[in-house]
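Examination of the molecular architecture
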Amino acid sequence: MADAQIAQMSFETAMAELEQVVTQLERGDVALDDSITLYERGAALKAHCEAKLKSAEEKVAAITLNGDGQPAGVAPLDAG
Amino acid sequence: MSDLIDDPRLGENAPEFTVSEISGAVKRTLEAEFGRIRVKGEVGRVVQARSGHMYFDVKDERNALACTTWKGQVSKLSVLPQEGMEVVVSGKMTSFGGQSKYNLNVDDVAVAGVGALMAMLEKRKTALAAEGLFDPARKQALPFLPDVIGVVTSPTGAVIRDILHRLRDRFPRKVLVWPVAVQGANCAAEVARAITGFNAMTPGGALPRPDLLIVARGGGSIEDLWGFNEEIVARAAAASEIPLISAVGHETDTTLIDFVSDMRAPTPSAAAELAVPVRLDLLAETRAKGARAAQGLANIMARRKQRLADVSRALPRPDSLTQTAQQRLDHWEGRLPLALRSLVQKQQLRLTTSAGQIKPSALGRIVVQEARQLQALGQRLPAGLDRAALSARQMLRVCASRLRPAPLAERVARLRKDLDDLETRLEQTFERQLQRRREQLVACDRLRETLGYRETLRRGYAVVRSGQALITNVAKAEAAKSLEIEFADGRFTVGQSAAARPVGRAKPTPPEQGQLF
């Protein structure tokens, strides 16, 4: 449930929440149960962020245009 | 030029032309002779017809050239002619036979001269700024980490290469390149269409819709960059819902698109830097945060553990908590049966006492007591009576002893003596009184005898009566039936003698009666 929500998150949102989690944990004034839940969420967020960062793949394509100048498809672009 | 026009007029015996023939000949001559030409001048009146065709004049100080741009050609113009604009128009000379006019069919308009270009640019800027297109509030925030980056630029050349290299270094992303002409007449229209085209893509469609656009071009002259000063480009960039970075020319070059873009990058490489963060930095940061989270949790745990240990130490042994209570419990527990027994005994005692008191014997004792009391009282009763009687008798005796005849006799004797005295005094008094009365009577009778009519009678007077009534005058005497005359020695009746006797018989009576008085 919470993990599904995290999976939908942008890197930025996940990172911001991770920051929040870390701050809360470092402040140390959360209840023990909550701190564990927080930590688990933080770990999930971190994993999500890492996945986002690792999934960084380059894929470059140029749009091919038809006679009207409208996009017709893509072609690999070798920009050298 | 004038030679060509003058030519047909040279021949005197030239064949006649129809109007259409000459019109066609002029048209053919014009088109063949001039072909495609460029004319420089100032734009005069501009008319955009409803049909979409555009009519305008290009003029200098003395002459004007009618220009026509057909509907299909208007959209391809890089610069739309505006009145007062110094331009170089390109096209073919032709004529319009219907009105005997010649004109230039313009398929390209270029602004003539840098000064004129800048003046036009300022005018545009002012107009667009007045519309609010440069308003900072319109600027959209760039996504922190775009998934797909759309690049509008030439597919060849250093610009796209720089961008891709820089992206690869920082954070490899999916890149869609929309190839456009970055200079020349088609530049503005193609760039505008590319921006609009990227925006028209649906997210998650066949072509992934970019979440960031970069419009880029390398450095060049102002004329080279002019396409990015065109209004259609500026309007397309302003209308873009996808955040847009403009990177046109070098840092010192500023084009109109830079004012409406959400972010201006000085160079294409800088645009790539603005587009994505550095992946390794992020990775390090993420890991650092993960480590901080773990450390934070560990600290929390350690602190809690420490606290638990501290508190545990402070926690007294459980049995010590209960010892006092246990002791009290023991104490009271020991006393409980005794207390119960004692209570029972006490109550039993009370019960026994009470029960003993209500035995028949107790009642009997009461009865006996009462009887004894009664008896005692009974016994005392005759004695009391006797005593009372005795006392009464004594009193009686005392009284009786005091009741002696002597005083009574004395009193009788005294009374008798008193009586005798009184009797003596009475007799004496009576005798005296009687004597005195007798004397008084004699005196009175003497007086009476002296004073009475009978003495008078003795002296010779008589009393005449008729019956009992005294007759004192003749009248009465005449009226009377009989008269009685009294004398000192008796009465004498005149007339009826019979009547004299009773009167005579009454003779002794008055002395008797008088005696009584």
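Bear in mind that the values here come from a model prediction, so they are computed numbers and not experimental data.

With that settled, the discussion passes to the overall build of chain B. In terms of helices and strands, chain B carries 17 helices and 14 strands. Put simply, chain B has 517 residues, and 29% of those count as buried. Of all intrachain contacts in chain B linking residues separated by at least 6 positions in sequence, the fraction that spans at least 24 positions is 62%. Here chain B displays about 34,100 Å² of accessible surface, and carbon together with sulfur accounts for 57% of that area.

The next point concerns the pairing of strand β6 (residues 148–153) of chain B. All names here are of chain B. Across the 6 residues of β6, 6 count as buried, placing the element largely inside the fold. Of the two faces of β6, the one lined by V148, G150 and V152 and the one lined by I149, V151 and T153 are each fully buried. Two strands pair when backbone bridges link them, and β6 and strand β7 (residues 174–179) are joined in this way by 6 bridges, in the parallel orientation. Within β7, the position partnered with I149 by the bridge is V175. On the question of chirality, the crossover connecting β6 to the parallel β7 by way of helix α5 (residues 158–170) is right-handed. As judged from the 4 bridges shared by β6 and strand β8 (residues 212–217), these two strands associate in the parallel manner. Its bridge partner lying in β8, I149 is registered against L212.

Turning our eyes to something else, we now look at the interface of chain A and chain B. Listed as interface residues are 40 residues of chain A and, on the opposing side, 39 residues of chain B. In this assembly, chain A packs against chain B so that about 3,600 Å² is buried in total across both faces, 66% of it on carbon and sulfur atoms. Considering only the side of chain A, the residues that lose the most area to chain B are L53(A), E58(A) and I63(A), jointly responsible for 17% of the buried surface there. Taken together, the links from chain A to chain B amount to 4 salt bridges. Ionic pairing is found between E19(A) and R292(B), a salt bridge with its closest N-O pair at 3.9 Å. The tally of links between chain A and chain B comes to 11 residue pairs in polar contact (both at pLDDT 80 or more). When contributions to the side of chain A that touches chain B are tallied by element, the ones reaching two or more residues are α2 (11–27), α3 (32–54), β1 (59–65) and β2 (71–76) of chain A. In terms of residue count, the dominant contributor to the side of chain A that touches chain B is α3(A) (10 residues). Of the residues in the side of chain A that touches chain B, the class split is 22 nonpolar, 6 polar and 12 charged. In the sheet, β1(A) pairs with β7(B) via 4 bridges, with the strands oriented parallel. Bridge assignment links A62(A) to a residue of β7(B), and that residue is V177(B).

Next up on the list: the environment of I471(B). Residues and elements named next belong to chain B. In this fold, I471 is placed in the loop between β12 (469–470) and α15 (474–479). Assessed through its relative accessible area of 12%, I471 is described here as buried. Excluding residues within four positions of it along the chain, I471 makes contact with V464, R465, S466, K476, A477 and L483.

So, about the sheet that holds strand β1 (residues 36–48) of chain B. Residues and elements named next belong to chain B. Ordered by their spatial adjacency, 5 strands build a closed barrel running β1-β2-β3-β5-β4, and the pairing between neighbours is mixed. Each strand of the sheet is rotated relative to its neighbour by a mean of 55°, with strand direction disregarded. Note that strand β2 (residues 54–59) and strand β3 (residues 64–69) share 6 bridges and pair antiparallel. When the sheet's bridge partners are listed, D57 is paired in β3 with A66.

By definition, the strands of a sheet pair up through backbone hydrogen bonds, in either a parallel or an antiparallel sense. Residue and element names in this part refer to chain B. Taken together, the 4 strands give an open sheet; going across it, the order is β12-β11-β13-β14, and neighbouring strands pair in antiparallel fashion. A single partner strand is all that each edge strand has here, and the edge strands are β12 and β14 (490–494). Two elements, strand β11 (residues 463–466) and β12, share 2 bridges in a ladder whose sense is antiparallel. When the sheet's bridge partners are listed, S466 is paired in β12 with A469.

Scanning the entire structure with this criterion turns up 23 salt bridges over all chains. With its nearest N and O atoms 3.8 Å apart, the salt bridge here joins R209(B) to E241(B). Placement of R209(B) in the loop between α6 (187–200) and β8 and of E241(B) in the loop between α7 (231–239) and β9 (244–248) is noted, with a sequence separation of 32 residues between them. Connected via shared salt-bridge partners are E19(A), E26(A), E285(B), K289(B) and R292(B).

On to the nonpolar core, then. It is characteristic of soluble globular proteins that their nonpolar side chains tend to be buried jointly. Core analysis: the biggest nonpolar cluster contains 57 residues, and F56(B), V191(B), I195(B), F198(B) and I257(B) have the highest contact counts within it. Contacts of F56(B), omitting those with residues within four sequence positions, involve V43(B), R45(B), V46(B), L65(B), A66(B), C67(B), T69(B), P81(B), V89(B), V106(B) and V109(B).

On to the confidence of the model for chain B. Residue and element names in this part refer to chain B. Of all residues in chain B, 92% attain a pLDDT of 70 or more, and the chain-wide mean is 83. Scored below 50 in pLDDT, residues 497–517 shows 8 contacts in the model against residues more than four places distant or in partner chains. Model confidence for the complex is summarised by a pTM of 0.51, with the ipTM given as 0.79.

Our focus in this paragraph is a negative patch on the surface. A cluster of acidic residues, D418(B), D420(B), E423(B), E427(B) and E431(B), forms a negative patch on the protein surface. Residue placement: E431(B) occurs in helix α13 (residues 405–451).

To continue, consider the environment of L457(B). Residue and element names in this part refer to chain B. By secondary structure assignment, the location of L457 is in helix α14 (residues 453–458). With relative accessibility at 5%, the residue L457 sits in the buried group. For the pair formed by L457 and A488, sequence separation is 31 residues and the distance between their alpha carbons is 4.7 Å. Other than its neighbours up to four places away in sequence, L457 contacts A462, V463, E486, F487 and A488.

Rules behind the numbers
- Residues numbered from 1 in each chain as written.
- Chains lettered and ligands numbered in written order.
- Predicted model: local features only at pLDDT ≥ 70, side-chain atom pairs only at ≥ 80, totals over all residues.
- Heavy atoms only, no water.
- Helix = DSSP H or I, 4+ residues; strand = E, 2+ residues; numbered from the N terminus.
- Buried < 20%, exposed > 50% of the residue type's maximum accessible area, 1.4 Å probe, protein only.
- Contact = heavy atoms within 4.5 Å.
- Areas by Shrake-Rupley, 256 points an atom, 1.4 Å probe, with all protein chains shown as cover.
- Pairing = 2+ DSSP bridges.
- Right-handed = clockwise from strand over helix to strand, strands pointing away.
- Buried area = accessible area lost by both parts, 1.4 Å probe.
- Salt bridge = Lys/Arg side-chain N within 4 Å of Asp/Glu carboxyl O.
- Polar contact = N/O pair within 3.5 Å; in protein donor to acceptor, adjacent residues only side chain to side chain.
- Nonpolar A, V, L, I, M, F, W, Y, C, P; charged D, E, K, R; others polar.
- Axes fitted to C-alpha atoms, helices over the stretch in contact; angles between N-to-C directions.
- Core = buried A, V, L, I, M, F, W, Y, C linked by side-chain atoms within 4.5 Å.
- pLDDT = per-residue confidence, 0-100.
- Patch = residues over 30% accessible without salt bridge, like charges linked within 9 Å, V, L, I, M, F, W, Y side chains within 5 Å.
- Lys, Arg positive; Asp, Glu negative; His and termini not counted.
- Charge placed at Lys NZ, Arg CZ, Asp CG, Glu CD.

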